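Results of the structural survey
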Amino acid sequence: MTEHRHATIKAALSLGLVGLIGLGGLLGLRALTAERIAAQERAVALQALNVLLPPGGFDNDPVADRIDVIAPAWLGSEATLTVRRARLGETWSALIVEAIAPDGYNGDIRLLVGVDAMGRVLGARVLAHQETPGLGDGIDAARGPWIDTFRERGIGDPPLDAWRVRADGGAFDQLAGATITPRAVVHAVRRVLQLVGTHGDDLADAPTDATLRFDDGPEELP
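Now for a quick tour of the structure. This is a predicted model, so every value here is computed, not measured. (Residues numbered from 1 in each chain as written. Predicted model: local features only at pLDDT ≥ 70, side-chain atom pairs only at ≥ 80, totals over all residues. Heavy atoms only, no water.)

A few words on the overall build of the chain. Along the chain, the regular secondary structure elements total 3 helices and 6 strands. Moving toward the C terminus, one meets the helices and strands of the chain in the order α-β-α-β-β-β-β-α-β. For the chain, with 222 residues in total, the buried portion stands at 41%. Put simply, 54% of the contacts in the chain that link residues at least 6 apart link residues at least 24 apart. A total accessible area of about 11900 Å² is found for the chain, and carbon and sulfur atoms account for 56% of it. (Helix = DSSP H or I, 4+ residues; strand = E, 2+ residues; numbered from the N terminus. Buried < 20%, exposed > 50% of the residue type's maximum accessible area, 1.4 Å probe, protein only. Contact = heavy atoms within 4.5 Å. Areas by Shrake-Rupley, 256 points an atom, 1.4 Å probe, with all protein chains shown as cover.)

Given below as structure tokens:
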């Protein structure tokens, strides 16, 4: 009886050890995958920064000069998102704002939007999305020029109520066969412009690595 019990306990311990090894391997793989995804997203963000910031338009390090922002109504997410600051001398020349378009066709669309001190879009880039290949993925700069339609535009150019796709009576083209995806991006870029217009000085003046929270929200389209 004792030998049988010892054998049973030994077998159980062996199974438990195998299970722990398997779980450890699974968790390690998940962590490694998460690290690779995060590294890829950082690389895309850095590449986008190079596109969005004008040469000679700053003399600081915009990668290091950053803050975290929680602004659900402005940035489309309860998550903490990043704002990087470009400065020229003592004044800020651009804010590079991470934002979410939560109403994409297949879910969240992660964006980077550059806004200059005059409130104009320096450019926008899609960091991550799950939109339909051949349709909604036309928002990606690698798939076409649509995303560059925002350059040098601001609130007032066009007027606030024209920050819609043409199918909704606005000033921005939709994509062939896709309206929901570009609609989400247009609205997200508009909210970023409104955020900078309302809280730009707060974003620019906050200490590096600070976390700001804004519980107010943008004026909605009529």
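Take the sheet that holds strand β5 (residues 121-128) next. A sheet is described by the order of its strands in space; here 6 strands give the open sequence β5-β4-β3-β2-β1-β6, paired in mixed fashion. The strands lining the two open edges of the sheet, one partner per strand, are β5 and β6 (211-213). For this sheet, the mean angle separating the axes of adjacent strands, direction not counted, is 25 degrees. Bridge count between strand β4 (residues 107-116) and β5: 6 bridges; the pairing is antiparallel. (Pairing = 2+ DSSP bridges. Axes fitted to C-alpha atoms, helices over the stretch in contact; angles between N-to-C directions.)

Before going further, it helps to examine unusual backbone geometry. Excluding glycine, residues mostly carry a negative phi; peptide bonds, for their part, are mostly trans. The residue after D157, namely P158, is reached through a cis peptide bond having omega 5 degrees. Looking at where P158 falls in the secondary structure, it is placed in the loop between β5 and α3 (180-205). Of note in this structure, E152 is not a glycine but carries a positive phi near 65 degrees. By secondary structure assignment, the location of E152 is in the loop between β5 and α3.

For the rest of this paragraph, the subject is the nonpolar core. Of all hydrophobic cores here, the largest spans 43 residues; its most connected members are L75, F150 and V185. If you list the elements that add at least two residues to this core, you get β1 (66-70), α2 (72-75), β2 (81-88), β3 (91-104), β4, β5 and α3. Looking at this core element by element, the count peaks at 11 residues for α3. Here V185 is in contact with A101, I109, L111, I139, W146, I147 and F150, once residues within four sequence places are set aside. Of all hydrophobic cores here, the second largest spans 10 residues; its members include A48, L53, A86 and L122. (Core = buried A, V, L, I, M, F, W, Y, C linked by side-chain atoms within 4.5 Å.)

Before going further, it helps to spend a moment on the side chain of D65. Here D65 shows up in the loop between α1 (2-52) and β1. For D65, a relative accessible area of 10% translates into the label buried. A polar contact is formed between the side chain of D65 and the side chain of R87, at a distance of 2.7 Å. (Polar contact = N/O pair within 3.5 Å; in protein donor to acceptor, adjacent residues only side chain to side chain.)

Moving on: the environment of D209. Position of D209 relative to the elements: it lies in the loop between α3 and β6. Assessed through its relative accessible area of 57%, D209 is described here as exposed. Considering only alpha carbons, one finds D209 and A64, 145 residues apart in sequence, at a separation of 8.7 Å. What D209 contacts, discounting residues up to four positions off in sequence, is R66 and I67.

Our next topic: the pattern of salt bridges. The full count for this structure, using the stated rule, is 13 salt bridges. Measuring nitrogen to oxygen at the nearest pair gives 3.5 Å for the salt bridge that ties D148 to R151. Overall, D148 belongs to the partly exposed group, its relative accessible area being 31%. Between D168 and R183 there is a salt bridge whose closest N-O contact spans 2.7 Å. Residue D168 is located in the loop between β5 and α3, and its partner R183 is located in helix α3; the two are separated by 15 residues in the primary sequence. Several salt bridges converge on common partners, so that one network encompasses D65, R85 and R87. (Salt bridge = Lys/Arg side-chain N within 4 Å of Asp/Glu carboxyl O.)

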